[in-house]
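# Coordinates in review
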2 protein chains.
Amino acid sequence: MEELIKILQSKNIQPSHQRIKILEILEKNKGHMNVNMIYDELLKEIPTISKTTVYNTLSTFAEKGLVHCLTITPEEMRYDYDTKPHHHLLCTQCGRIIDVDVRCAYADAMEIDGHSIEEIQGYFKGTCKECLSRDKAKH
Amino acid sequence: MEELIKILQSKNIQPSHQRIKILEILEKNKGHMNVNMIYDELLKEIPTISKTTVYNTLSTFAEKGLVHCLTITPEEMRYDYDTKPHHHLLCTQCGRIIDVDVRCAYADAMEIDGHSIEEIQGYFKGTCKECLSRDKAKH
DNA sequence: TTCCATAATTAGAATTATTATAGAATAATA
DNA sequence: TATTATTCTATAATAATTCTAATTATGGAA
Ligand SMILES: [Mn+2]
Ligand SMILES: [Mn+2]
Ligand SMILES: [Zn+2]
Ligand SMILES: [Zn+2]
């Protein structure tokens, strides 16, 4: 709790009740949540929460570098509380978005082909190992 | 024209008037168009074209591997007629989506971390070299 | 050619994620 | 306390995409 407030303050974000709770949810659920997942979790604790607040807060968090935005699913934005550079796999079978451990040659590059780069998104789409082994078991 | 029909047939797509024209537009405009860009071009030649047809056709093309779908812009889908594996830069200044020539270590990989992969999307976001040099000129 | 079954196209409605707006609540300040 | 700025909420607006049902085009059999 105190921790969360400190995190927000370190990024110059006023630690409101709603913002703290949203940050808490991001920390607890290590996945790559979309707005509705976060909103549904929030409803349990703040029944009056507005979805607009979730959108606004996540925009603020993204601006201040507290979360990363993923466009790996075409329908909606996903939010990643892990801001260390890493890539993602979208399993087309179970729909999960999974961190993948790859050594990206450009992770620390500041430019590419003469263009300056500020952000890198690496997306893989396929079948996750859990789904693969479930399929194999079913045989 | 005959060329385009052959391409469609080779992918088992009936070469209808609309589909041929959409393919023609994709070939001509080498960019990374969205549905509205394609639709606006089409209107010049087929004033009765329906946006639903554009969506349906592009879905078919994507299914049959004739185009690749890019989710680099969060608002809308972009379509790439160049299906050879390559990555993209979104210039946050001019909005263009530009092919980048990088040697991706995973381009030909079939699996990663135990997950099987069918598709790779590599996105860079930053400022393109044209915008950089324009900025510098303005000084 | 004519008829029929099927596939493709169209217009418009429905869905859904996101953004804009304006007022209410809350917190900060003096 | 009174004033001011910030945050939050509810609702409306926007825009991409999908769904639906009706219409049109197409290819093959008779
Ligand atoms: Mn992640
Ligand atoms: Mn491209
Ligand atoms: Zn899976
Ligand atoms: Zn640019």
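## Here we look at the overall build of chain A
For chain A, the helix and strand inventory stands at 5 helices and 6 strands. For chain A, the α and β elements follow one another from N to C terminus as α-α-α-α-β-β-β-β-β-β-α. Its C-alpha atoms put chain A at 50 × 45 × 25 Å along the principal axes. Burial status across chain A gives 41% buried among its 139 residues. By sequence separation, contacts in chain A at least 24 residues apart represent 48% of the contacts at least 6 residues apart. Accessible area for chain A stands at about 7,800 Å²; split by element, carbon and sulfur atoms hold 49% of it. In chain A, which carries 18 positive and 21 negative side-chain charges, the distance between the mean positions of the two groups comes to 6 Å.

## Topic: the coordination of the manganese ion (ligand 2)
Residue and element names in this part refer to chain B. The protein atoms donating to the manganese ion (ligand 2) are His-32 (NE2), Asp-80 (OD), His-86 (NE2), His-88 (NE2) and Asp-99 (OD), with metal-donor distances spanning 2.1 to 2.3 Å. Along the chain, the residues that donate to the manganese ion (ligand 2) are spaced as H-x47-D-x5-H-x1-H-x10-D. On the criterion of sequence distance, the pair formed by Asp-80 in strand β2 (residues 78-80) and Asp-99 in strand β4 (residues 97-100) is long-range, its members being 19 residues apart. Residue classification places Asp-80 among the buried residues on the basis of a relative accessible area of 2%. Under the relative-accessibility criterion, Asp-99 is labelled partly exposed at 34%.

## Observations regarding the pairing of strand β3 (residues 87-91) of chain A
All names here are of chain A. Among the 5 residues of β3, 5 are classified as buried, and the element is accordingly described as predominantly covered. Because side chains alternate across β3, one face comprises the buried residues His-87, Leu-89 and Cys-91, and the other comprises His-88 and Leu-90, equally buried. Pairing of β3 with strand β4 (residues 97-100) involves 4 bridges; the strand directions are antiparallel. Along β4, the bridge assignment pairs Leu-90 with Ile-97. Between β3 and β4, which pair antiparallel in sequence order, lie 5 residues; one of them, Gly-95, sits at a positive phi of approximately 80°. Examined bridge by bridge, β3 and strand β6 (residues 115-127) share 4 bridges and lie parallel to one another.

What counts and what doesn't
- Residues numbered from 1 in each chain as written.
- Chains lettered and ligands numbered in written order.
- Predicted model: local features only at pLDDT ≥ 70, side-chain atom pairs only at ≥ 80, totals over all residues.
- Heavy atoms only, no water.
- Helix = DSSP H or I, 4+ residues; strand = E, 2+ residues; numbered from the N terminus.
- Buried < 20%, exposed > 50% of the residue type's maximum accessible area, 1.4 Å probe, protein only.
- Contact = heavy atoms within 4.5 Å.
- Areas by Shrake-Rupley, 256 points an atom, 1.4 Å probe, with all protein chains shown as cover.
- Lys, Arg positive; Asp, Glu negative; His and termini not counted.
- Charge placed at Lys NZ, Arg CZ, Asp CG, Glu CD.
- Donors = N, O, S within 2.8 Å, 3.2 Å for Na, K, Ca; no water.
- Pairing = 2+ DSSP bridges.

By themselves, these observations are geometric and do not establish any function.
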